[in-house]
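# Notes for the structure review
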Amino acid sequence: RSAATWKPCSRTWPTRGCSTHDRPRAPLALLAELTHRCPLACPYCSNPVEMVRAAGELPTETWKQVMTEAADLGCLQVHFSGGEPTVRKDLEELVAHAAQVGLYSNLITSGVLVDTARLAGLSAAGLDHIQVSFQDTEVASAERIGGLRGAQPRKLAFCRAVREAGLPLTLNAVVHRQNLDRLQEMIDLSLDLGASRLEVAHVQYYGWALKNRAALMPTRQQLEAATAVVDAARVALKGRLVIDYVVPDYYASRPKPCMGGWGRRFITVNPSGKVLPCHAAESIPGLEFQRAGDVPLADIWDWGPAFERFRGTGWMPSLCQTCEHKERDWGGCRCQALALTGDATATDPACAKSPFHRDLVAVAERESAADVGEFVYRRFS
Ligand code: FES
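## Some details on the overall build of the chain
Helices and strands together make up the secondary structure of the chain, namely 15 helices and 11 strands. In terms of overall dimensions, the chain is globule-like: its C-alpha atoms have a radius of gyration of 20 Å, near the 21 Å expected for 381 residues. Taking the principal axes of its C-alpha atoms as reference, the chain extends roughly 60 × 50 × 45 Å. As displayed, the chain has an accessible area near 15,900 Å², and 52% of this comes from carbon and sulfur atoms. In the chain, which carries 43 positive and 42 negative side-chain charges, the distance between the mean positions of the two groups comes to 2 Å.

This is the structure:
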């Protein structure tokens, strides 16, 4: 299938060339959050603070229906995510269904629960790609950050097994003040494990990470050193390792187009079946979410009230409306705007034009200079 194309708004006049209401015909990817269960307890987890328990998770058949509807809608990829998606005993069946309906499948995992027999089963079911998260390269630090003793050797063994099975591998490193100084080691580890891509993801400060901001915020000097490491590695490793890297919001002057823009590239289904424009959207009060299985995914994508709320540019405050970057950053991150200003419609404080931007930088500089506190680990309440 070809990549997502655009269709004009058919509900609101004027219909053509309306940047407010035009929307992609299909999401690029379905983010299937199969579960919030996880053996790790990372203090920056992107899951909501109030998580869905096992009893509230969607059954196998509904997940299959979700994937069928996503493929019919024109979606190209499914990312099996969590929590830890391999806690689901039906994962092989879900992977096989993704292959059957023509979705490219990516498993986002910590790798600590999968032995070689299970990996072989997932590969045989048609899994296309695996992404493994690393907390650090230093074993004691990695296992303290993830809150699971013995995790690191299991991750390393899993990554080697992935490559031996012939599956493509991406490493994901969430970086912060407690591991950023070992970014070069993380790049070396990616090469050693045969990864073709490394995602260097600075912590996003909402939900669990906001609770741990002071323990995670890097200094500006750390950031500059890390950016230089990435710049050099990108040149030296061209053709061997792709490195994705985004500057952390608190030290940025332009906001990132979060999720590639609200309701533009991703459709997320959480473990209980709520369909979300982004994984943290439930933190925004007043949004109305529909459920997979109750309403067709195509209708939710096209007209779901939560997707319409911040799609395009029509919702933007006047400061953003008059900005030449508005159709590049799509207003940045709504969840961050809410978390930092109390108003989800405000200009993202990561933007230098925001009246809150100076405060944001001051918070980063103050907290990164203070002593590192204890983590609040991600746990079911
Ligand atoms: Fe929700 Fe950025 S995380 S819009």
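## So, the sheet that holds strand S11 (residues 275-276)
Overall, mixed pairing links the 9 strands, which are arranged S9-S8-S7-S6-S5-S4-S3-S10-S11 in an open sheet. A strand with exactly one partner marks an edge of an open sheet, and here the two such strands are strand S9 (242-246) and S11. As paired strands, strand S5 (residues 104-109) and strand S6 (residues 129-134) are joined by 4 bridges and run parallel to one another. For threonine 109, the partnering residue across the bridge sits in S6 and is valine 132. The sheet contacts of helix H1 (residues 60-73) involve strand S3 (29-33), strand S4 (77-81) and strand S10 (266-269), and relative to S3 the element is tilted by about 170°. Here helix H2 (residues 91-101) sits on the sheet in contact with S4 and S5, set at roughly 170° to S4.

## Considering the pattern of salt bridges
Under the criterion given, the structure shown has 17 salt bridges. One network of salt bridges, with partners in common, ties together Arg37, Glu57, Arg88 and Asp90.

## Here's the deal with the packing of helix H4 (residues 139-146) against helix H5 (residues 151-164)
Direction vectors running N to C along H4 and H5 enclose 100°, while the axes themselves pass 8 Å from each other. Relative to H5, the element H4 is oriented roughly perpendicular. Across from Val139, Ala142 and Glu143 in H4, the residues of H5 making contact are Ala151, Gln152 and Pro153.

## What to know about the packing of aromatic side chains
One pass over the full model with this rule turns up 5 aromatic pairs. With a centroid separation of 5.1 Å and 90° between ring planes, the pair formed by tryptophan 262 and phenylalanine 310 is classed as edge-to-face. Of the two residues, tryptophan 262 sits in the loop between S9 and S10 while phenylalanine 310 sits in the loop between helix H11 (305-309) and helix H12 (318-321), which places them 48 residues apart along the sequence. By relative accessible area, which is 8% here, tryptophan 262 ends up buried. The exposure class assigned to phenylalanine 310 is buried, which follows from its relative accessible area of 2%. On the basis of an interplanar angle of 85° and a centroid distance of 5.2 Å, the ring pair of phenylalanine 310 and tryptophan 315 is categorised as edge-to-face. When its relative accessible area of 11% is taken as the criterion, tryptophan 315 is described as buried. Positioned over the ring face of phenylalanine 134 is lysine 155, at 5.5 Å from the centre of the ring. When the ring centre of tryptophan 330 is taken as origin, the NZ or CZ atom of arginine 264, which lies over that ring, is 3.5 Å away.

## So, the pairing of S6
Residues in a regular strand project their side chains so that they alternate between the two faces of the sheet. With 6 of 6 residues buried, S6 is to be regarded as a mostly interior element. Neither face of S6 is exposed, since His129, Gln131 and Ser133 on one face and Ile130, Val132 and Phe134 on the opposite face are all buried. A crossover links S5 with its parallel partner S6, the connecting element being helix H3 (residues 116-125), and its sense is right-handed.

## A few points about the pairing of strand S8 (residues 197-202)
Residues Leu198, Val200 and His202 line the buried face of S8, whereas the alternating positions Arg197, Glu199 and Ala201 sit on a face that is not buried. Of the pairings in the sheet, the one linking strand S7 (residues 169-175) to S8 comprises 6 bridges and is parallel in character. Directly across from valine 175, in S8, lies its bridge partner histidine 202. Handedness of the crossover is the feature at issue here: the chain leaves S7, passes through helix H6 (residues 183-192), returns alongside S8, and the resulting connection is right-handed. Alignment of S8 against S9, held across 5 bridges, turns out to be parallel.

## Section: the packing of H6 against helix H9 (residues 220-236)
With their axes 9 Å apart at the nearest point, H6 and H9 run at an angle of 30° to one another. The pairing of H6 with H9 is recorded here as roughly parallel in orientation. Contacts between H6 and H9 involve Leu183, Gln184 and Ile187 from the former and Ala226, Val229, Val230 and Ala233 from the latter. Among the residues making up the contact of H6 with H9, the classes are represented as 6 nonpolar, 1 polar and no charged.

## Thoughts on the nonpolar core
By size, the foremost hydrophobic cluster in this structure holds 82 residues, and its most contacted members are Leu30, Phe80, Ile130, Leu171 and Val269. By residue number, the principal contributor to this core is H1, which donates 6 residues. Filtering out sequence-adjacent residues up to four positions away, isoleucine 130 remains in contact with Asn106, Leu107, Thr109, Leu119, Phe158, Val162, Leu167, Pro168, Leu169 and Thr170. Counting 20 residues, the second largest nonpolar core, distinct from the first, contains Cys258, Ala280, Phe310 and Ala344.

## Considerations on H1
Compared with an ideal rise of 1.5 Å per residue, which puts 14 residues at 20 Å, H1 spans 20 Å between its outermost C-alpha atoms and is within 8% of the ideal. Across the 14 residues of H1, 10 count as buried, placing the element largely inside the fold. Packing partners of the buried residues in H1 comprise S3, S4, H2, S10 and helix H10 (297-303). Positioned one or two residues after H1, glycine 74 has a phi angle of 115°, which is positive.

Analysis parameters
Residues numbered from 1 in each chain as written. Predicted model: local features only at pLDDT ≥ 70, side-chain atom pairs only at ≥ 80, totals over all residues. Heavy atoms only, no water. Helix = DSSP H or I, 4+ residues; strand = E, 2+ residues; numbered from the N terminus. Rg over C-alpha atoms; globule rule 2.2 N^0.38 Å. Areas by Shrake-Rupley, 256 points an atom, 1.4 Å probe, with all protein chains shown as cover. Lys, Arg positive; Asp, Glu negative; His and termini not counted. Charge placed at Lys NZ, Arg CZ, Asp CG, Glu CD. Pairing = 2+ DSSP bridges. Contact = heavy atoms within 4.5 Å. Axes fitted to C-alpha atoms, helices over the stretch in contact; angles between N-to-C directions. Salt bridge = Lys/Arg side-chain N within 4 Å of Asp/Glu carboxyl O. Parallel < 35°, antiparallel > 145°, perpendicular 65-115°, else oblique. Phe/Tyr/Trp six-rings, centres within 6.5 Å; stacked < 30°, edge-to-face > 60°. Buried < 20%, exposed > 50% of the residue type's maximum accessible area, 1.4 Å probe, protein only. Lys NZ or Arg CZ within 6 Å of the ring centre and 35° of its normal. Right-handed = clockwise from strand over helix to strand, strands pointing away. Nonpolar A, V, L, I, M, F, W, Y, C, P; charged D, E, K, R; others polar. Core = buried A, V, L, I, M, F, W, Y, C linked by side-chain atoms within 4.5 Å. Expected span 1.5 Å × (residues − 1).

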